[in-house]
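If you want the building blocks of each chain, they are given just below.
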Amino acid sequence: MDNQVDSCGAYPWQATIPSLTFNLADDSENECPKSTRLKLPKIPLPIFDGKYEEWNKFENHFRNLIANNDDISENEKLYYLRSSLTGVAKEVETEEDTFESLFKALKERFQNKKLIINAHVNTVINYEKIQYASAKDIRYLLDSTRKNLRALKVLEFERNKLSDVILLNILLPKLDRESRKIFESSLETSDVPKLDSFLDFLEKRSMVIKSLRGDQGVKVAKNVALPPWKCKSFLANSRSLPRPQEENVIYAKGTTGW
């Protein structure tokens, strides 16, 4: 094999790289490639299951990938649209639908600004309370809050001082007791904390817990039953309760045992 290198510094047997596509200049045979393009993975079809808060994202993705593509026939567009629907959204289609009629029906059914906004707000309000310090749960609370706030902003519902105070009073009780105690202790004044400061706290808190305990955190035992010899009762004398490791001791007749 010839070990001479070409003008680009590559051996002849290295000229073809499957993952790259080279655009060579037309007027020069000896110039090195001016640009390379990676082969990107295929983009999957967007899926829509009928959630109002997901409609805008689905519509934008489907239009950009399929609906506005002139190289795809109407029948193919209809096939792709049917393949993208699941759950409640699947119930909208009929056997007689064309692509235009089905897309229009979906838009009329799910492009409801009032219901979309309600869905985003209710998602924030209905967070389940975090029972113990968990990096995973705190991260979910943070990411979901930010995601819904961004979606509301796109729908032209901006945050303000009043909404921040309301959100803070909704989110703070969702925290586990330990995390809330740490946040409250970090406040240096009696002023109302800012929502962004609270979200920054969640970011740092989740990272600290993950570094110390992993994603799941540690559950705190509650309502642990005390051994019977440590229980106080007005109905039974403590002498009637067995001592530890003495439950199986048999005493001679006429003795009390202790």
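Everything that follows concerns the structure shown earlier in this document.
Residues numbered from 1 in each chain as written. Predicted model: local features only at pLDDT ≥ 70, side-chain atom pairs only at ≥ 80, totals over all residues. Heavy atoms only, no water.

Engineer: Help me out: how do you make sense of helix α9 (residues 195-213) in this one?
Structural biologist: Each turn of an α-helix holds 3.6 residues, which means side chains three or four residues apart point in the same direction. Taking 1.5 Å per residue, 19 residues should reach 27 Å; α9 reaches 26 Å between its end C-alpha atoms and fits that length. Where α9 is concerned, the buried positions are L195, F198, L199, F201, L202, R205, S206 and I209. Looking straight down α9, one finds that the buried residues subtend no more than 150° of arc, so they occupy a single side. Structural note: α9 exposes K204, M207 and S211 on the side pointing more than 90 degrees away from its buried face. Tucked inside the fold, the buried residues of α9 contact α6 (135-154), α7 (161-171) and α8 (177-186). (Helix = DSSP H or I, 4+ residues; strand = E, 2+ residues; numbered from the N terminus. Expected span 1.5 Å × (residues − 1). Buried < 20%, exposed > 50% of the residue type's maximum accessible area, 1.4 Å probe, protein only. Arc of directions from axis to C-beta. Contact = heavy atoms within 4.5 Å.)

Engineer: What should I look at first to understand the packing of helix α1 (residues 55-67) against helix α4 (residues 99-110) in this one?
Structural biologist: With their axes 11 Å apart at the nearest point, α1 and α4 run at an angle of 160° to one another. In terms of orientation, α1 lies roughly antiparallel with respect to α4. Regarding α1 and α4, the two cross each other, and that crossing is left-handed. Within the contact between the two elements, α1 uses W55, E59, F62, R63 and A67 and α4 uses F99, F103, L106, K107 and F110. By residue class, the composition of the contact of α1 with α4 is seven nonpolar, no polar and three charged. (Axes fitted to C-alpha atoms, helices over the stretch in contact; angles between N-to-C directions. Parallel < 35°, antiparallel > 145°, perpendicular 65-115°, else oblique. Left-handed = near helix turned anticlockwise from the far one by under 90°. Nonpolar A, V, L, I, M, F, W, Y, C, P; charged D, E, K, R; others polar.)

Engineer: I tried to follow the side chain of S206 on my own but got confused; where do I start?
Structural biologist: Locating S206 in the fold gives a position in helix α9. On the accessibility criterion, S206 (4% relative accessible area) is buried. One polar contact links the side chain of S206 to the main-chain carbonyl oxygen of E203, over a distance of 2.9 Å. Excluding its chain neighbours within four sequence positions, the residues that come into contact with S206 are A135, I138 and R139. (Polar contact = N/O pair within 3.5 Å; in protein donor to acceptor, adjacent residues only side chain to side chain.)

Engineer: Mind showing me how you'd approach the pattern of salt bridges here?
Structural biologist: Two side chains with opposite charge may pair up if their charged atoms get near one another. Per the counting criterion, the structure on display carries 13 salt bridges. With its nearest N and O atoms 3.2 Å apart, the salt bridge here joins E93 to K90. Overall, the relative accessible area of 18% leaves E93 in the buried class. Accessibility expressed as a relative area gives 35% for K90, which makes it partly exposed. A salt bridge links R159 to D164; the shortest N-O distance between them is 2.9 Å. (Salt bridge = Lys/Arg side-chain N within 4 Å of Asp/Glu carboxyl O.)

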